[in-house]
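Breakdown of the fold
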Amino acid sequence: KNEVEQSPQNLTAQEGEFITINCSYSVGISALHWLQQHPGGGIVSLFMLSSGKKKHGRLIATINIQEKHSSLHITASHPRDSAVYICAVRFLSGGGADGLTFGKGTHLIIQP
Amino acid sequence: DTEVTQTPKHLVMGMTNKKSLKCEQHMGHRAMYWYKQKAKKPPELMFVYSYEKLSINESVPSRFSPECPNSSLLNLHLHALQPEDSALYLCASSQDIPVHPRAFFGQGTRLTVV
């Protein structure tokens, strides 16, 4: 069965801390997305990865295709980073109708 | 313009009302999507339009009726909803299906059915 697991489900940290959110998946994928959803609801696409590592500002995303695992890191975290971070993958076969299978999300709170 | 705009942002409707949600993008994307998201759950796909034609309907009840009048607009017509239909409704677009890496999501319409 094609599954996406995220950990942790909830994470509370102090401002400035280095944050890591993990995503693992069950079978081969062609792409993995990291999405950010703020309390207002709108979703922002942060990264799309198929291999290696990407960096944008204080955000870094890595993927290890062999281990079927991806991480999203936030350096020098700030209260405005508080959001739900969702991992979504496009499985090579058997994925959702639109090609994406979503993880349950990680609810991140950064306290001042 | 790299936005997907959804209106209204909030909507409260009675079970006998008829209302519509609107989604608009001007990025030339030919695939548009409706998702439903309940609290603390990931988005669930409802409909996919490709080149203004309905290509995927994920067994959504007929009280939800999508419409794609042109390549920039996607509507979701609501009629005789139930309280359990209260959720965040998200629209997304991409250059094509399956979801292109650069998928863009709207801010969502938070719907409450009373």
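For the structure itself, look to the data block above.
Conventions and cut-offs
- Residues numbered from 1 in each chain as written.
- Chains lettered and ligands numbered in written order.
- Predicted model: local features only at pLDDT ≥ 70, side-chain atom pairs only at ≥ 80, totals over all residues.
- Heavy atoms only, no water.
- Helix = DSSP H or I, 4+ residues; strand = E, 2+ residues; numbered from the N terminus.
- Buried < 20%, exposed > 50% of the residue type's maximum accessible area, 1.4 Å probe, protein only.
- Contact = heavy atoms within 4.5 Å.
- Polar contact = N/O pair within 3.5 Å; in protein donor to acceptor, adjacent residues only side chain to side chain.
- Phe/Tyr/Trp six-rings, centres within 6.5 Å; stacked < 30°, edge-to-face > 60°.
- Core = buried A, V, L, I, M, F, W, Y, C linked by side-chain atoms within 4.5 Å.

Glancing now at the environment of Gln37(A). For Gln37(A), the location among the structural elements is in strand β4 (residues 29-37). Among the residues examined, Gln37(A) registers a relative accessible area of 7% and is labelled buried. Between the alpha carbons of Gln37(A) and Ala83(A) there is a distance of 5.7 Å; along the sequence they are 46 residues apart. When near neighbours in sequence (up to four residues on either side) are disregarded, Gln37(A) contacts Gly42(A), Ile43(A), Ala83(A), Val84(A), Ile86(A), Gln37(B), Leu88(B) and Leu90(B). A polar contact of 2.6 Å, which involves the side chain of Gln37(A), links it to the side chain of Gln37(B).

Moving on, we get to the packing of aromatic side chains. All names here are of chain B. Going through the model one piece at a time under the given rule, you end up with 4 aromatic pairs over all chains. Between Tyr-35 and Phe-105, the aromatic rings sit 5.9 Å apart at their centres with planes inclined by 40°, giving tilted as the arrangement. Linking Tyr-35 in strand β4 (residues 31-37) with Phe-105 in strand β10 (residues 104-105), this pair joins segments that are 70 residues apart in sequence. There is no split in this pair, since Tyr-35 and Phe-105 are both buried. Ring plane angle 35° and centroid distance 5.8 Å describe the contact between Phe-64 and Tyr-89, whose orientation is recorded as tilted. With Phe-64 in strand β7 (residues 64-70) and Tyr-89 in strand β9 (residues 87-94), the pair connects residues that are 25 residues apart, well separated along the chain. A single burial state applies to Phe-64 and to Tyr-89, both of which are buried.

Now for the side chain of Gln6(A). Residue and element names in this part refer to chain A. Structurally, Gln-6 is set in strand β1 (residues 4-7). Judged by its relative accessible area of 11%, Gln-6 is buried. In this structure the side chain of Gln-6 is engaged in a polar contact, spanning 3.2 Å, whose partner is the side chain of Thr-106. Other than its neighbours up to four places away in sequence, Gln-6 contacts Ile-21, Asn-22, Cys-23, Trp-34, Tyr-85, Ile-86, Cys-87, Gly-103, Lys-104, Gly-105 and Thr-106.

With that settled, the discussion passes to the nonpolar core. For soluble globular proteins, the rule of thumb is that nonpolar side chains tend to be buried together. Formed by 24 residues in total, the largest nonpolar core has its most connected members in Trp34(B), Phe64(B), Leu76(B) and Leu78(B). Broken down by secondary-structure element, the contributors of at least two residues to this core are β2 (10-13), β3 (18-25), β4, β5 (44-50), β7, β8 (73-79), β9 and β11 (109-113) of chain B. Within the second largest apolar cluster, 23 residues are counted, among which are Ile29(A), Leu49(A), Ile74(A) and Cys87(A).

Read these as geometric descriptors, not functional statements.
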